[in-house]
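Descriptive analysis of the structure
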Amino acid sequence: MGAAMRRIHVGNALSAFGLGFTVPYLYVYVAQVRGLGAVTAGLVLAVFAVAALIVLPFAGRAIVRRGPLPVLVAALVTAALGALSLGLAGSAATVLSAAAALGAGQAVMQPALATMIVDCSTAETRSRAFALQFFLQNLGLGVGGLIGGHLVDTTRASSFTLLFAIEAAMFLLLVVVVATVRMPHSPRVGDAPQGAAKGGWKQLMRNRAMVQLCVLGFVLFFACYGQFESGLSAYGVEAAGISTSALGTALAANTAMIVVAQFAVLKFVERRKRSRVIAAVGLIWAVAWVVAGYAGLGHGSQEMATAAFVSTYALFGLGEAMLSPTVAPLVADLAPTGLAGQYNSAFALVKQLALAVGPAVGGPMGASLHAPYIVTFLLFSLGISVLALRLGRQLTPAQDQPWSARNRVVARGGTAAEPVAAEA
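Reference entry: report on the structure contained in this document. As the structure is a prediction and not an experimental result, all values here were calculated from the model.

**Examining the overall build of the protein chain**
A tally of helices and strands in the protein chain yields 18 helices and zero strands. The C-alpha atoms of the protein chain give 21 Å as radius of gyration, which agrees with the globular expectation for 424 residues (22 Å, within 12%). Dimensions of the protein chain, computed from C-alpha atoms along their principal axes, come out at roughly 65 × 50 × 35 Å. Counting over 424 residues, the protein chain shows a buried share of 52%. Long-range pairs, those at least 24 residues apart, make up 84% of the contacts in the protein chain with a sequence separation of at least 6. Summing over all exposed atoms, the protein chain offers an accessible surface of approximately 17,600 Å²; the carbon and sulfur share of this is 66%. In the protein chain, the 27 positive side-chain charges and the 14 negative ones have mean positions that sit 10 Å from each other.

**Description of the side chain of S159**
Residue position: S159 is located in helix α7 (residues 157-179). When residues no more than four places from it in sequence are discounted, the contact partners of S159 are L151, V152 and D153.

**Examining the pattern of salt bridges**
A side chain of one charge can pair with a side chain of the opposite charge when the charged atoms of the two come close. Scanning the model with the defined rule gives three salt bridges in all. Across the pair D333 and R126 runs a salt bridge whose closest N-O atoms are separated by 3.1 Å. Within this pair, whereas D333 is found in helix α14 (residues 327-334), its partner R126 is found in helix α6 (residues 126-151), the two being separated by 207 residues in sequence. The exposure class assigned to R126 is buried, which follows from its relative accessible area of 4%. The partner of R128 in a salt bridge is E270, with the nearest N and O atoms 2.9 Å apart. Taken as a pair, R128 in helix α6 and E270 in helix α11 (residues 244-270) lie far apart in primary sequence, 142 residues in all. Using a relative accessible area of 17% as the deciding quantity, one classes E270 as buried. In the salt-bridge network here, residues are joined through shared partners; they are R126, R274 and D333.

The rules we used
- Residues numbered from 1 in each chain as written.
- Predicted model: local features only at pLDDT ≥ 70, side-chain atom pairs only at ≥ 80, totals over all residues.
- Heavy atoms only, no water.
- Helix = DSSP H or I, 4+ residues; strand = E, 2+ residues; numbered from the N terminus.
- Rg over C-alpha atoms; globule rule 2.2 N^0.38 Å.
- Buried < 20%, exposed > 50% of the residue type's maximum accessible area, 1.4 Å probe, protein only.
- Contact = heavy atoms within 4.5 Å.
- Areas by Shrake-Rupley, 256 points an atom, 1.4 Å probe, with all protein chains shown as cover.
- Lys, Arg positive; Asp, Glu negative; His and termini not counted.
- Charge placed at Lys NZ, Arg CZ, Asp CG, Glu CD.
- Salt bridge = Lys/Arg side-chain N within 4 Å of Asp/Glu carboxyl O.

Right under this line is the structure:
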C-alpha cells in the first residue's frame, strides 16, 4: 500500500471505531435515558435512513465534480456536529435534527471513501484494498462497541454524552488524517470522452450490468444486513427462545468470522469469477436460513437451538467476507472514466434503501410468522445465486474475472492494464 491508502484505511478504522461507541445504544439512549419513548427512538432510526436517501443522489455528482476528498471532509464535519448535538439533545425535535445530520454525514462517507480507494488502487490491488476496508470496519465497530459497553450507564445521561463526544472526536480526527492524503490524479468527467459528463444517472441506467448489479445488491442487503438487528433477532427471541446474551454472542460470532475468514478466503475469491462467488454466497446464506429454521422450528434442546442460531450469524459472516473483495471492486470496474463517484453513490443508495425496507418487512414477520419468514428469506438467498449468474452474462472477462484476464495479457507478452468498463 502507498501512503495515501494507508491513511485512508487508518481513517476508515477510526470512523468505524467511533460508530461502534453509539450504534448499539442509540435506541436505549433516546427511549429510556432521554425519556422520549419508543416512538421517538423508532423515528430516529427512520431519520437515519431518510437522510441517507435524500443526500446520496447529490453526493455522487459532488464527488464527480469536486473529487472525493472535499466531499468526505464535508461529510465528516456534518457527522461530527450531528453526533455532538445528539449527545446534548434533550427534546424530540433536537434529537431528530441531530440524527438527520449524523445520518446524512455517515451516508456520504461511504461512497467518498470507496472512491478514494478506487483512485488510490489498481485493478491488481483493488480487491485486497476493499477487503482490508471491510475488515477494519468490522474490527473498529466491534472494539468500539465493546469499550462503549463498559463506559455507558443508563442511569447517567452524561455517560452517553461522553460516547457521542468520542464519536464526534473520531470523525474530526479522520478529517485531520485525510487532510494529509495526497491523492493521485484521478480521472474526472472533464478527462472522459466527449459526452461522458452529460447525464450521469441516465448513462448509469443504460448500463445493463450496473442496473442488474444494483438489483442484486438490493436483494443482498435486504436478505442479510436488513435482517440482523430486526427480523432475525426478533425470530431468535420469539421462535427460538434466544436470550439477549446469546443474541450478543451471535453478533460477536458474525464479527469474529469476518475478522478470521477475511484474508483466508481472499486468495480463493479473487481468482474466481465474481459472479460465481456472489452465487456461492447466496447458497451459503440459504444454508444459514435452513440452520436458523432448525433453531426456531426444530425440536432440539435449547442449547442446540442457541448453537444453531449463533452458527447462522457466523455463516452470514463468511458470506460477507467473500462479498467485500468482490462487489465494491465490481462497481468500480463497471464505472466509465470519471464516474466512479456516481456509481459508488448509486450503489450506496441501493444499500440504504434495502436497509430501510428490510427491517420494516422482516421485523413483523420474524416476530410472528416464523415459518413463512424462514421460507421467504431462504428463497431470497437462492434468488441471489440466480441473479448473480445472470449478471455474469453481462460482464466482460476483465470485469468478471480480472485476475485471469491479467494473466492472459501477461502470457501474451503484454502488460497488465486497468480494465476498461464496457457499456452493456
